[in-house]
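# A closer look at the structure
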Amino acid sequence: MPTDDALLDRVRNQSWYHVLEFGDGQVTDGWFDLRPYVRHYAIPERLDGMRVLEIGTWDGFWAFELERRGASEVVALDLDDEADLDWPARRRPSEFPATKRGDGFRLAKEIRGSNAERVNCSVYHATPEELGTFDLVFCGSVLIHLRDQLLALERMANLCSGRLILAEEYDKLASLLPFSASRYRADTGEAVVFWRPSRRTWRKMVWSAGFDRVEQKGTFDMKVKDEFSVPHVVLHGFK
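Heads up: these notes are all about the structure in this document.

Basis of the calculations
Residues numbered from 1 in each chain as written. Predicted model: local features only at pLDDT ≥ 70, side-chain atom pairs only at ≥ 80, totals over all residues. Heavy atoms only, no water. Salt bridge = Lys/Arg side-chain N within 4 Å of Asp/Glu carboxyl O. Helix = DSSP H or I, 4+ residues; strand = E, 2+ residues; numbered from the N terminus. Buried < 20%, exposed > 50% of the residue type's maximum accessible area, 1.4 Å probe, protein only. Pairing = 2+ DSSP bridges. Axes fitted to C-alpha atoms, helices over the stretch in contact; angles between N-to-C directions. Phe/Tyr/Trp six-rings, centres within 6.5 Å; stacked < 30°, edge-to-face > 60°.

This brings us to the pattern of salt bridges. According to the stated counting rule, one finds 20 salt bridges in the structure shown. Among the salt bridges present, the one from E73 reaches R51, with a minimum N-O distance of 2.9 Å. Of the two residues, E73 is situated in strand β4 (residues 73-78) and R51 in strand β3 (residues 51-55); the sequence distance between them amounts to 22 residues. A residue is classified by how much of its surface remains accessible, and E73, at 31% relative accessible area, is partly exposed. Using a relative accessible area of 21% as the deciding quantity, one classes R51 as partly exposed. Salt bridges sharing partners connect three or more residues here, namely E45, E65, R68 and R69.

Here it is in structure tokens:
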């Protein structure tokens, strides 16, 4: 937890994506407060002895939560450079921030004394040869921002020896259809969302990627700064 003025200043000056608690009442002013939604993900209470991978960690909320539950090793993937993210050609910025996207994670890790390891790597390039395999793979609110969702899921299946926990935005309108469908959204909205699948489509893709059994654990609406809410579906895939 922050104990000196210099560290407190670093916390205040850092731009936070996640709301994180550092003790002694210190809470970051993040864009997403995931604390009220943890119960919806159906994460096992204890992960003792498990090797765990988180995809798209950003500031590390889920990596630190998985570590808190006793995971023996937590590896968190994300990209440092915003230019390396998926961008439609017509929406790609001409300039990118000089700050690294992992600065919040690194600061939070220092404050918490965490052993979670952040790896600068795209899920597209994540392989068992480089990272090994994991008892649990966790991915929350990442795939909607990827051009190739199925490829990302296939990479996760190759890395997973046990369970995948996936929580993603789904399209309510497409979910009314009696067949698999996904809406193309890459040319709309402030944030880049390539595809917004229906619940049925997410289940089908997880199975197609290589998970033998897929269970839908539920749905919930995630509020963003009380400005809007995003519907999420939670799926667990098993090898």
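Quick look at the sheet that holds strand β10 (residues 213-224) now. Strands sit in the order β5-β4-β3-β6-β7-β11-β10 across an open sheet of seven strands; the sheet is mixed. Two strands in the sheet have a free side with no partner beyond their single neighbour: β5 (117-120) and β10. If you compare each strand with its neighbour and ignore which way they point, the axes differ by 20 degrees on average. In terms of strand pairing, β4 meets β5 through four bridges, oriented parallel. Pairing of A76 across the sheet is with R118, part of β5.

Counting across every chain of the model gives twelve aromatic pairs. For the ring pair Y41 and W62, a centre distance of 4.4 Å and an interplane angle of 50 degrees mean the geometry is tilted. Placement of the pair is Y41 in the loop between β2 (26-27) and β3 and W62 in helix α2 (residues 61-68), with a sequence separation of 21 residues. Residue Y41 is classed as buried on the basis of its relative accessible area, which comes to 1%. Residue class for W62 comes out buried when judged on its relative accessible area of 3%.

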